[in-house]
Amino acid sequence: MKKPRFIISGGGTGGHIYPAVAIANELKSRFPEAEFLFVGAKDKMEMQKVPQAGYAIKGLWISGIQRKLTLDNAMFPLKLLSSMWNSFRIINSFKPDVVIGTGGFASGAVLKAASMLNIPTVIQEQNSYPGITNKLLAKKANKICVAYENLEQFFPKDKMILTGNPVREDLINEASKSEAIAYFKLDANKKTLLVLGGSLGARRINQLIEKELDFLLSQNIQIIWQCGKLYFDEYKKYNSEQLATQNSQLVTVLAFIDRMDLVYAAADVVISRSGASSVSELCIVGKPTIFIPSPNVAEDHQTKNAKAISDKNGAILIKESELETQFETIFSDLISNENKQLELSQNIKKLALPNATKDIVEEIVKLIK
């Protein structure tokens, strides 16, 4: 078999970049001699993250349409033409066997160009409610790997395969709780609340935790609070030694978490946004979770992701608009009810698809001519 060549495009957020890199790594393990080229959006985080993962990347001049009238919106037609022209140029030069898109506006241009050149394309849709780019590309795609059931209203049924979303390999095998407690200097006799707002942080969740800190600590728990790098300077004061007891710390505030395997092992209850990657990881680790979706994302897809889990009694969903009236009651009921925690844990774990990366790669391999 000739040396396969793959173009992979996805970016804008970690939720698009991480699956793209995971797919590339799995393809590389099967085809060590394969050649890879990533295509992203100039000035977006993939331009740093992809080279850090060991892959070459080219950037397109493309960005999304803003909800209000801006100069960027006025430039959109020009950016679209530029990104299409450069996508054709990149594809004709690199000559890929398959082009894979994991979301983001750059992937839209690249997949569109590939399908016009009759090169096989694969869409990896992470959310329970697809964005406009993937809906437009679906008719011409060869395969559409999805993470949720019941997407027939958006995609042709005969092209869809339920694979799930790629997750970090280290989460598949559960880490040791005792190692996690030692690593984060926790008290083994207290329950641990893990608060996740995503790599950049979530302003509303941070405001909630700050406001409710006394209430939360009154529940006899300890907190690992990932506030995001944008907000760390504002909230690091809660790391203070005055909150420390014996050798453990009641509140640990972190900009980001390197050892997700250990932090999940330490957690008894999780409060999280409901981006696709977070939801998939929480299904794998099976932790009782309160989802607080971001209302500021395209198509309100975080609410739809969370609802897909809460409808199956796999998690609790609280909208931002309901936090003031409902949070304390819901949290105290959950933290004091071990049967409820166990029920949520068992139900969310049933929705896990731990072989997602391998299953997606199986579909890609079928398209290599």
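Here, every reference points to the structure presented above.
The shown structure was predicted, so the numbers you read here are calculated from the model rather than taken from an experiment.

Draft legend 1. Region of interest: the pattern of salt bridges. For the structure shown, the criterion picks out 18 salt bridges. Among the ionic pairs, Glu35 bridges to Lys3, the shortest N-O distance being 3.0 Å. Of this pair, Glu35 sits in strand β2 (residues 35-41) while Lys3 sits in the segment before β1 (5-9); the two residues are 32 residues apart in sequence, bridging distant segments of the chain. The exposure class assigned to Glu35 is partly exposed, which follows from its relative accessible area of 27%. Relative accessible area serves as the criterion here: at 43%, Lys3 is assigned to the partly exposed category. Residue Asp311 pairs with Lys307 through a salt bridge whose shortest N-O separation is 3.0 Å. The exposed category is assigned to Asp311, whose relative accessible area is 54%. Exposure remark for Lys307: the relative accessible area of 43% places this residue in the partly exposed category.

Draft legend 2. Looking closely at the sheet that holds strand β7 (residues 160-162). Reading across the sheet, the 7 strands line up as β3-β2-β1-β4-β5-β6-β7 and stay open at both edges, with parallel pairing between neighbours. Bordering the open sheet on either side are β3 (57-60) and β7, each of which pairs with just one other strand. Looking at each pair of strands side by side, their axes are set apart by 20° on average, direction ignored. Bridge analysis of strand β4 (residues 98-101) against strand β5 (residues 121-125) gives 3 bridges, and the strand direction is parallel. Of the residues in β5, the one forming a bridge with Ile100 is Val122. Seen against the sheet, helix α1 (residues 14-30) touches β1, β2, β4 and β5 and runs at an angle of roughly 175° to β2. Here helix α4 (residues 105-116) sits on the sheet in contact with β1, β2, β3, β4 and β5, set at roughly 155° to β4.

Calculation rules
Every chain begins its residue count from 1, and numbering advances along the sequence as written. Totals for whole chains, interfaces and linings use every residue, but because this is a predicted model, local features are given only for residues with pLDDT of at least 70 and side-chain atom pairs only at 80 or more, for both listing and counting. Where side-chain values are given, they derive from all heavy atoms of the structure, hydrogens and water being excluded. For salt bridges, the criterion is a side-chain nitrogen of Lys or Arg within 4 Å of an Asp or Glu carboxyl oxygen. What counts as a helix is a DSSP run of H or I of at least four residues, what counts as a strand is a run of E of at least two, and both are numbered from the N terminus. The cut-offs for exposure are 20% and 50% of the maximum accessible area for each residue type, with area from a 1.4 Å probe on protein chains only; residues under the lower value are buried, those over the upper are exposed, and the others partly exposed. Strand pairing requires that DSSP identify at least two bridges connecting the strands. A fitted line through C-alpha atoms represents every axis, and for helices the fit uses only the stretch in contact; the resulting angles, taken between N-to-C directions, go from 0 to 180 degrees. By definition, residues are in contact when any of their heavy atoms lie within 4.5 Å.

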